[in-house]
Amino acid sequence: MTKLKDKRILLVIGGGIAAYKCLELIRLLKKAGASVSTVMTKAAQEFVTPLAVGALSHEPVFSELFDRQAEEDIGHIRLSRQTDLIVVAPATADRMARLAAGLADDLAGAVLLASDKPVLLAPAMNPRMWAHPATRRNVAQLHSDGYGFMGPEAGEMAERDESGEGRMSEPQAIFAEIVRRLGSDVDTSAALRPLSGRRVLVTSGPTHEPIDPVRYLANRSSGRQGHAIAAAFARAGAHVTLVSGPVTIPAPEGVDLVAVETAREMLAAVEAALPVDIAVLAAAVADWRTAEEAERKLKKTQTGAPALTLVENPDILATLSRHEMRPRLVVGFAAETNDVVAHARAKLQRKGCDFILANDVSPATGIMGGTENAVQLIGPASHEEWPRMSKEAVAERLVAQLGSELATKM
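Residues numbered from 1 in each chain as written. Predicted model: local features only at pLDDT ≥ 70, side-chain atom pairs only at ≥ 80, totals over all residues. Heavy atoms only, no water.

The name given to the protein in an unreviewed UniProt entry is Coenzyme A biosynthesis bifunctional protein CoaBC, and the organism recorded there is Afifella marina DSM 2698.

In C-alpha cells:
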C-alpha cells in the first residue's frame, strides 16, 4: 500500500475550473497517509466548496488573510513552515503572475512568499493564456526562482471547441510527482500504475566507439533523461528494460538494466528486448565509429596525427521503426544546436517513428549533462513546446502522454 506517513502537504487551490480535480488529489494523498492542509482562494470557492475540501482533508480550510482567530499565531507563517511540500493546483495565470512579482495581498500569496519549503505548481488555463508572452516570462522567472512545475497537458478545454496546451495534469500524475519529490518509499499500485502489464524499452546514455585500447569516440550525454524516463515508466507499473551506454549514474530501481558500450552492442540488446509495447530511444548513439580498431595504442609519430577512417554506425531508431516486431509506439530523440523543429520533423519522416522529442543542446542551454531540459514533442501532425523543467518532470509528462497514446492504439 502507498505510504506517505508523517508527510505534510499544503495544497493551495486556485480559482479555475480544474479546481475540482483537487478533491481527487486530496483523496489520494489521504489514502497514502499524508496530512493535507488547504488554502482556498476566493475564486477557488466559486468552483468547489470549502465544505467538500474540508470533508476530504479532515482539517480546517483556510481562506482569509485577515482571519483574527487564525492569525493570532501569525497563521500564514505557520502554514508556510509546517509542511513538507506546497502544491498550487490549479496554478492560474493570475496566481503565477502574482507569485513571479512577489505579491502577497491574499492568504495564498502571503503563504507562498513566507515559505522556505519546496513549491510545486500545476498550471491550468486557456491555451492562449499559457502561450501569451507575459505568461512565458512569468514561467521562466518562476523556474529561475526554483519553483517546480507539473504540466500543463495538451487536450480539450472547458471552453466549447477549445483545445491545446493548458489542461491541469491529472490528480494521479500530480500525486506521483509529489511522491517523487518527497522521496518516500512508495509502491504506486492499482490505479496509480496505469501501465501495469505493459513492456517498455528505454535506451539511455552515450555509446563509446573504440579507436584503440585506450581511446574512443563519444559525446557528452549523461544519461539523466533516459534514466529518468525508465524510472517513470517503472513507477507507472511497466516492465522496463533499460539499455544503457557507459554512465556514472545508478540504474533506477525496478528496471532490468542491460549495460553496453558500442552502438552495435546497443542495437543487439534492443532487438533482444523485443517485443515491447513502447520504445523510447533516448540514448545519444555515436553516428560513426572507426573502420578498424587498433590492437595497440596509437603512438605519436614525426609525421603527425594518424588518419582515422570513419564508417556509419547502425541506425537503431530507423531499424526499430521498421522492425518486424515494431513496438506500437516508437519515440526518438533529436539533440540539435540549430533549427531544432525543422531538423526534428525531417528526422521523424526519415526514421519512421511515431514521435520525436527534440531539444536544443547548444552549450549556452546547459541541457547536455545538466539536470533540466526544454523539449518539443513532435508528431506527424502535432507539435508541443514544453516549458523548461527538471528531467524527472519531463519523464513523468512523457510517460503520461505515451500511456494515453497507447490506450488509443489498443
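Observations concerning the nonpolar core
If you look at the biggest cluster of nonpolar residues, it comprises 33 residues, and the most contacted ones within it are Ile-229, Phe-233, Val-240, Val-280 and Leu-402. Put simply, the parts of the chain that give this core at least two residues each are strand 9 (199-204), helix 9 (224-235), strand 12 (239-244), strand 14 (278-281), strand 17 (329-336), strand 18 (355-360), strand 20 (375-379) and helix 13 (391-409). Top contributing element to this core by residue count: helix 13, with 7 residues. In contact with Ile-229, not counting residues within four places along its chain, are Val-202, Val-280, Ala-282, Phe-333, Ala-395, Leu-398 and Val-399. Residues Ile-13, Ala-32, Ala-44 and Met-150 belong to the second largest nonpolar core, which totals 32 residues. (Core = buried A, V, L, I, M, F, W, Y, C linked by side-chain atoms within 4.5 Å. Buried < 20%, exposed > 50% of the residue type's maximum accessible area, 1.4 Å probe, protein only. Helix = DSSP H or I, 4+ residues; strand = E, 2+ residues; numbered from the N terminus. Contact = heavy atoms within 4.5 Å.)

A look at a nonpolar patch on the surface
A grouping of Ile-17, Tyr-20 and Phe-47 is seen on the molecular surface, where their side chains present a nonpolar patch of about 320 Å² in accessible area. Assignment of secondary structure puts Phe-47 in the loop between strand 2 (35-40) and helix 2 (50-57). The partly exposed category is assigned to Phe-47, whose relative accessible area is 39%. (Patch = residues over 30% accessible without salt bridge, like charges linked within 9 Å, V, L, I, M, F, W, Y side chains within 5 Å. Areas by Shrake-Rupley, 256 points an atom, 1.4 Å probe, with all protein chains shown as cover. Salt bridge = Lys/Arg side-chain N within 4 Å of Asp/Glu carboxyl O.)

Some words on the sheet that holds strand 1 (residues 8-13)
Pairing between sheet strands relies on hydrogen bonds along the backbone, with the strands arranged either parallel or antiparallel. Pairing in this open sheet of 6 strands is parallel, and the strands run 3-2-1-4-5-6 from one edge to the other. Each edge of the sheet is formed by a strand with only one pairing partner; in this case those strands are strand 3 (61-62) and strand 6 (148-149). The pairing of strand 1 with strand 4 (residues 85-91) spans 4 bridges and is parallel. Counted as the bridge partner of Ile-9 is Leu-85 from strand 4. Across the face of the sheet, helix 2 comes into contact with strand 1, strand 2 and strand 3 while running at roughly 170° to strand 2. (Pairing = 2+ DSSP bridges. Axes fitted to C-alpha atoms, helices over the stretch in contact; angles between N-to-C directions.)

A look at the pattern of salt bridges
Evaluation of the coordinates by the stated rule reveals 14 salt bridges. Residues Asp-212 and Arg-215 are paired through a salt bridge, measuring 2.5 Å at the closest nitrogen-oxygen approach. For Glu-372, the salt bridge identified is with Arg-388, shortest N-O distance 2.9 Å. With a gap of 16 residues between them, Glu-372 in strand 19 (residues 372-373) and Arg-388 in the loop between strand 21 (382-385) and strand 22 (389-390) connect regions that are remote in the sequence. Note on Glu-372: relative accessible area 28%, which makes it partly exposed.

Some details on the environment of Gly-352
Within the secondary structure, Gly-352 sits in the loop between helix 12 (340-351) and strand 18. The contacts of Gly-352, once residues within four sequence positions are left out, are Ser-321, Arg-322 and Arg-326.

A short note on the packing of aromatic side chains
Enumeration over the complete set of coordinates arrives at 0 aromatic pairs. One cation-aromatic arrangement involves Arg-136 over Trp-130; the distance from NZ or CZ to the ring centre is 4.5 Å. (Phe/Tyr/Trp six-rings, centres within 6.5 Å; stacked < 30°, edge-to-face > 60°. Lys NZ or Arg CZ within 6 Å of the ring centre and 35° of its normal.)

Details of the side chain of Glu-177
Within the secondary structure, Glu-177 sits in helix 8 (residues 171-182). Excluding anything up to four places from it in sequence, Glu-177 contacts Leu-120, Met-150 and Glu-396.

Some words on the packing of helix 1 (residues 21-31) against helix 8
At a minimum axis distance of 9 Å, the contact between helix 1 and helix 8 shows a crossing angle of 45°. In terms of axis orientation, helix 1 runs oblique to helix 8. Judged by the twist between their axes, the crossing of helix 1 over helix 8 is right-handed. Along its contact with helix 1, which presents Lys-21, Glu-24, Leu-25, Leu-28 and Leu-29, the element helix 8 presents Pro-171, Gln-172, Ile-174, Phe-175 and Ile-178. Here the contact of helix 1 with helix 8 is composed, by residue class, of 7 nonpolar, 1 polar and 2 charged. (Parallel < 35°, antiparallel > 145°, perpendicular 65-115°, else oblique. Left-handed = near helix turned anticlockwise from the far one by under 90°. Nonpolar A, V, L, I, M, F, W, Y, C, P; charged D, E, K, R; others polar.)

Observations regarding the confidence of the model for the protein
Per-chain confidence: the protein averages 88 in pLDDT, with 91% of residues scoring 70 or above. Between residues 185-191, whose pLDDT stays under 50, and residues either more than four places distant or in other chains, the model counts 12 contacts. (pLDDT = per-residue confidence, 0-100.)

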